[in-house]
Amino acid sequence: MKMNLSLILALAASTVASQAALVWTVGVNDNAWPLGGVGGGPNTNFWQETGTNALPGNPNSPQADVQSDDDYYFAGTYTTVIAGNGAYSPVGVVAANEGGAERAWAGTDNDLRYHFNLASFGASDLFTITYDALNIDSIGSGTGATDPRYGVEIYVNGVKVMNEVLIGPNQAVKVGDTVTSPAFTLGSVGAQTGPGFDNIVWLKGINYGAAGGGQWLGIDYVQMDVTPVPEPGSFMLAGLAAVGALTMRRRR
């Protein structure tokens, strides 16, 4: 008796289909910068930026304006540098999520970096980075902005996973629009799982102030998500299960 291949594949796909899950977030999509949050992560307090700094940064920045640096740390152990991130001395044990983070790209301060350890994931699992902008410099602010706009690129462990997205009122992407990177695997960005490895997501700002673009762009939140993807063997097993299920249906 002939089987319907499309139905078999549909049954297999439905068996292995997975939903995206949150890996971590700094802030939440609330279009605000509330203060007083405790515990970092979704409750991170966003503070006025303070300037540029080299890696590794300070995992215990004071909770105040112009005190947070470019580097935000989740609780973990950071003893091993991933090659794509360059050469520096990692910070060691971070007992708790950092409570505060810089709130904007501004002037020459255009590095927002997020440090994290990774649990074990499958080699085929797909990851994305998502953020949106909260606000932007404006005409009449005194910075010379005539067409406010700012660019942002996304890197993971030094590997570019998203080309520049230009954000501004006259751009295709505007303040408040959700920006999500193309999906990538951990292997494609040199990511390492387990304690010790200093994985870094880097949102690199590109300032257009010299061309009337203004001098700053505020960030609302940034998060990392994963969509589990079964290994090919699992998909084949699911396909066989689908064939079996279809066979049983036809026998009834």
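Refer to the preceding data block for the structure.
Bear in mind the structure is a predicted one, so any value in this text is a computation, not a measurement. (Residues numbered from 1 in each chain as written. Predicted model: local features only at pLDDT ≥ 70, side-chain atom pairs only at ≥ 80, totals over all residues. Heavy atoms only, no water.)

K.L.:
Explain unusual backbone geometry here, please?
P.N.:
That bond from leucine 55 to proline 56 is cis: its omega, 15°, falls within 30 degrees of zero. Looking at where proline 56 falls in the secondary structure, it is placed in the loop between strand 2 (45-47) and strand 3 (71-73). Non-glycine residue asparagine 157 carries a positive phi angle of around 50°. When you line up the elements, asparagine 157 lands in the loop between strand 10 (150-156) and strand 11 (159-167). (Helix = DSSP H or I, 4+ residues; strand = E, 2+ residues; numbered from the N terminus.)

K.L.:
Sorry, what's going on with the pairing of strand 8 (residues 111-118) here?
P.N.:
As a general feature of sheets, a regular strand has side chains that alternate between the two faces. For strand 8, the buried fraction is high: seven of the eight residues fall into the buried class. Sheet analysis places strand 3 next to strand 8, joined by three bridges and oriented parallel. Directly across from tyrosine 72, in strand 8, lies its bridge partner tyrosine 114. Relative to strand 13 (residues 194-207), strand 8 runs antiparallel, the two sharing seven bridges. Looking at the pairing, histidine 115 lines up with isoleucine 200 of strand 13. (Buried < 20%, exposed > 50% of the residue type's maximum accessible area, 1.4 Å probe, protein only. Pairing = 2+ DSSP bridges.)

K.L.:
How do you make sense of the side chain of aspartate 225 when you look at a structure like this?
P.N.:
As for its position among the elements, aspartate 225 is in strand 14 (residues 216-227). At 21 Å, arginine 113 is the nearest oppositely charged side chain to aspartate 225, a buried residue that forms no salt bridge. At 2.7 Å, the side chain of aspartate 225 and the side chain of glutamine 223 are in polar contact. Contacts of aspartate 225, omitting those with residues within four sequence positions, involve Ala21, Leu22, Val23, Leu126, Phe127, Thr128 and Thr130. (Lys, Arg positive; Asp, Glu negative; His and termini not counted. Salt bridge = Lys/Arg side-chain N within 4 Å of Asp/Glu carboxyl O. Polar contact = N/O pair within 3.5 Å; in protein donor to acceptor, adjacent residues only side chain to side chain. Contact = heavy atoms within 4.5 Å.)

K.L.:
In this structure, what is going on with the pattern of salt bridges? I would like to understand it.
P.N.:
In a structure, side chains of opposite charge can pair up when their charged atoms sit close to one another. As enumerated under the stated definition, the model contains four salt bridges in all. Between aspartate 71 and arginine 113 there is a salt bridge, and its shortest N-O distance comes to 2.7 Å. Residue aspartate 71 is found in strand 3, and its partner arginine 113 is found in strand 8; the two are separated by 42 residues along the sequence. Judged by relative accessible area, aspartate 71 falls into the buried class, the value being 2%. For arginine 113, a relative accessible area of 8% translates into the label buried. The partner of aspartate 147 in a salt bridge is arginine 149, with the nearest N and O atoms 3.7 Å apart. A cluster of three or more residues bridged by salt bridges with shared partners is formed by Asp71, Asp111 and Arg113.

K.L.:
It is not clear to me how empty space enclosed by the protein should be interpreted in this structure. Could you clarify?
P.N.:
Remark: the empty space left among the atoms is shown by a probe the size of a water molecule rolled over them. All chains considered together, the criterion is met by one cavity of 30 Å³ or more. Size it by volume and the largest cavity reaches roughly 30 Å³. Surrounding the largest cavity, Asp69, Asp70, Asp71, Tyr72, Ala101, Glu102, Leu112, Arg113 and Tyr114 form its lining. Broken down by secondary-structure element, the contributors of at least two residues to the lining of the largest cavity are strand 3, strand 6 (100-102) and strand 8. Across the lining of the largest cavity, the residue classes break down as four nonpolar, no polar and five charged. (1 Å grid on protein atoms, 1.4 Å probe; cavity = no way out; pocket = protein on both sides within 12 Å on 5 of 7 lines; lining within 4 Å. Points joined across faces, edges and corners; volume = space filled by probe spheres on them. Nonpolar A, V, L, I, M, F, W, Y, C, P; charged D, E, K, R; others polar.)

K.L.:
Would you mind showing me how to read the packing of aromatic side chains here?
P.N.:
For any pair of aromatic rings, the description consists of the separation of the ring centres together with the inter-plane angle of the planes. According to the stated counting rule, one finds 10 aromatic pairs in the structure shown. Ring geometry for tyrosine 72 versus phenylalanine 74: centroids 5.2 Å apart, planes at 80°, classification edge-to-face. Tyrosine 72 sits in the buried class, given a relative accessible area of 1%. Three or more aromatic residues joined by ring pairs form one cluster here, namely Trp24, Tyr72, Phe74, Tyr114 and Phe116. (Phe/Tyr/Trp six-rings, centres within 6.5 Å; stacked < 30°, edge-to-face > 60°.)

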